[in-house]
Amino acid sequence: MGGAVDGVQSTWIERETSQRDEVVRLGVWMFLATVAMLFAAFASAYLVRRGSTDWAPVPLPSVLWLNTLVLTLSSLALEVGYTVGLARRWTAASGALGAAVALGTGFLGGQVVAWQTLVASGVVLPDTPYASFLYVLTGAHALHVLGALALLAYAAFRTWQGLGGHDATLWRRTVEASRTCWHFLLGIWAFVLLLLSF
């Protein structure tokens, strides 16, 4: 009798966990769809405005290309952390996720350096339509990265605390949400950089 009750309870817990996972995934994708629409609107306005006579592109600070590498390495570190975490190698997962957070923070620091470089060369927000788009696009992306970084830092902290060893399902759900957001924002960054470059 006890075995039957345990089986029913186990099935109920698995179903509840699966439903929670679906809710989290849906929430993440709804958020990312909103972000995609925001950047699509920016891109449309950019492409329309680009045809005006006062359009004057400026050279992009070279640090933006370094930032792209840093953000890519952060995504790779996150993948490593997720993979080793699934294997319940919590020390390695903690180190990799910590590296992803550090690199993500470095990306944001690099964005600040890029903006300082632009200001030092006389390119300020209301200067030209191109300069305005440059600041708005990179600034909006940086704000979204900051939010995703908070989620990633939470996942890294919980891994370091050892929660992953106690509740692997919660760990997986948190890291998967971070992972989806982070990789998506890497794609958005590549799109923004290409848009501004060409």
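Above this note sits the structure.
Quick notes on the rules
- Residues numbered from 1 in each chain as written.
- Predicted model: local features only at pLDDT ≥ 70, side-chain atom pairs only at ≥ 80, totals over all residues.
- Heavy atoms only, no water.
- Helix = DSSP H or I, 4+ residues; strand = E, 2+ residues; numbered from the N terminus.
- Buried < 20%, exposed > 50% of the residue type's maximum accessible area, 1.4 Å probe, protein only.
- Polar contact = N/O pair within 3.5 Å; in protein donor to acceptor, adjacent residues only side chain to side chain.
- Contact = heavy atoms within 4.5 Å.
- Axes fitted to C-alpha atoms, helices over the stretch in contact; angles between N-to-C directions.
- Parallel < 35°, antiparallel > 145°, perpendicular 65-115°, else oblique.
- Left-handed = near helix turned anticlockwise from the far one by under 90°.
- Nonpolar A, V, L, I, M, F, W, Y, C, P; charged D, E, K, R; others polar.
- Core = buried A, V, L, I, M, F, W, Y, C linked by side-chain atoms within 4.5 Å.
- Phe/Tyr/Trp six-rings, centres within 6.5 Å; stacked < 30°, edge-to-face > 60°.
- Expected span 1.5 Å × (residues − 1).
- Salt bridge = Lys/Arg side-chain N within 4 Å of Asp/Glu carboxyl O.

Q: Explain the side chain of Thr-68 here, please?
A: Mapped onto the fold, Thr-68 is located in helix α2 (residues 63-86). Judged by relative accessible area, Thr-68 falls into the buried class, the value being 19%. Of the polar contacts made by the side chain of Thr-68, one reaches the backbone oxygen of Leu-64; its length is 2.9 Å. Among residues more than four places away in sequence, those in contact with Thr-68 are Trp-189 and Leu-193.

Q: Teacher, can you tell me more about the packing of α2 against helix α3 (residues 90-120) here?
A: Pairs of packed helices are described in terms of their axes, by the angle between the two and the distance that separates them. Relative to each other, α2 and α3 sit at 165°, their axes nearing to 8 Å. Judged on the interaxial angle alone, α3 and α2 are roughly antiparallel. Note on packing geometry: the crossing formed by α2 with α3 is left-handed. Within the contact of α2 with α3, the residues separate by chemical class into 20 nonpolar, 8 polar and no charged.

Q: In this structure, what is going on with the nonpolar core? I would like to understand it.
A: Burial of nonpolar side chains together is a common tendency in soluble globular proteins. In this structure, Tyr-46, Leu-137, Leu-152, Trp-182 and Leu-196 are the most contacted members of the largest nonpolar core, which totals 53 residues. When contributions to this core are tallied by element, the ones reaching two or more residues are α1 (2-49), α2, α3, α4 (129-161) and α6 (168-197). Discounting residues that sit within four places of it in the chain, Tyr-46 has contacts with Trp-55, Tyr-130, Phe-133, Leu-137, Leu-195 and Leu-196.

Q: Help me understand the packing of α4 against α6, please; the structure alone is not making it clear to me.
A: Where α4 meets α6, the axes come as close as 9 Å, and the angle between the chain directions of the two elements is 160°. Of the possible angle classes, the one that applies to α4 and α6 is roughly antiparallel. Handedness of the crossing formed by α4 with α6: left-handed. Residue classes in the contact of α4 with α6 are distributed as 21 nonpolar, 6 polar and no charged.

Q: Is there a simple way to think about the packing of aromatic side chains in this case?
A: Both the distance between ring centres and the angle between the ring planes are used here to describe each pair of aromatic rings. On inspection of all chains with the given rule, the structure shows 10 aromatic pairs. Ring centres of Trp-55 and Phe-133 lie 6.0 Å apart, and the angle between their planes is 55°; on these two criteria the pair is classed as tilted. Of this pair, Trp-55 sits in the loop between α1 and α2 while Phe-133 sits in helix α4, placing them 78 residues apart in sequence. A residue is classified by how much of its surface remains accessible, and Phe-133, at 14% relative accessible area, is buried. Taking 5.1 Å as the distance between ring centres and 80° as the angle between the ring planes, the aromatic pair formed by Trp-90 and Trp-171 counts as edge-to-face. Here the residue Trp-90 occupies a position in helix α3, and Trp-171 occupies one in helix α6, the gap between them amounting to 81 residues. Judged by its relative accessible area of 17%, Trp-90 falls in the buried class. An aromatic cluster is defined as three or more aromatic residues linked by ring pairs; in this entry it consists of Tyr-46, Trp-55, Tyr-130 and Phe-133.

Q: Looking at this model, I keep getting lost on α4. Mind explaining?
A: The periodicity of an α-helix, 3.6 residues per turn, causes residues three or four positions apart to be oriented the same way. The end-to-end C-alpha distance of α4, which contains 33 residues, comes to 47 Å, matching closely the 48 Å that a straight helix rising 1.5 Å per residue would cover. With its phi angle positive at about 100°, Gly-162 sits one or two positions after the end of α4.

Q: Even after reading the chapter, I still don't get unusual backbone geometry, so can you show me in this structure?
A: Glycine aside, the phi torsion of most residues is negative, and most peptide linkages are trans. Phi angles above zero are rare outside glycine, and Arg-88 is one such case at about 60°. Within the fold, Arg-88 resides in the loop between α2 and α3.

Q: When you look at the pattern of salt bridges in this model, what are you seeing that I'm missing?
A: For side chains bearing opposite charge, pairing can occur when the charged atoms are close. Within the structure shown, the criterion is met by 3 salt bridges. One salt bridge in this structure joins Arg-49 and Asp-54, with 2.9 Å as the shortest N-O distance. Residue Glu-79 is joined to Arg-179 by a salt bridge in which the shortest nitrogen-to-oxygen separation is 2.5 Å. Highlighted residues: Glu-79 in helix α2 and Arg-179 in helix α6, separated in sequence by 100 residues. Using a relative accessible area of 25% as the deciding quantity, one classes Glu-79 as partly exposed. Accessibility expressed as a relative area gives 23% for Arg-179, which makes it partly exposed.

Without other data, these values stay purely geometric and don't point to any function.
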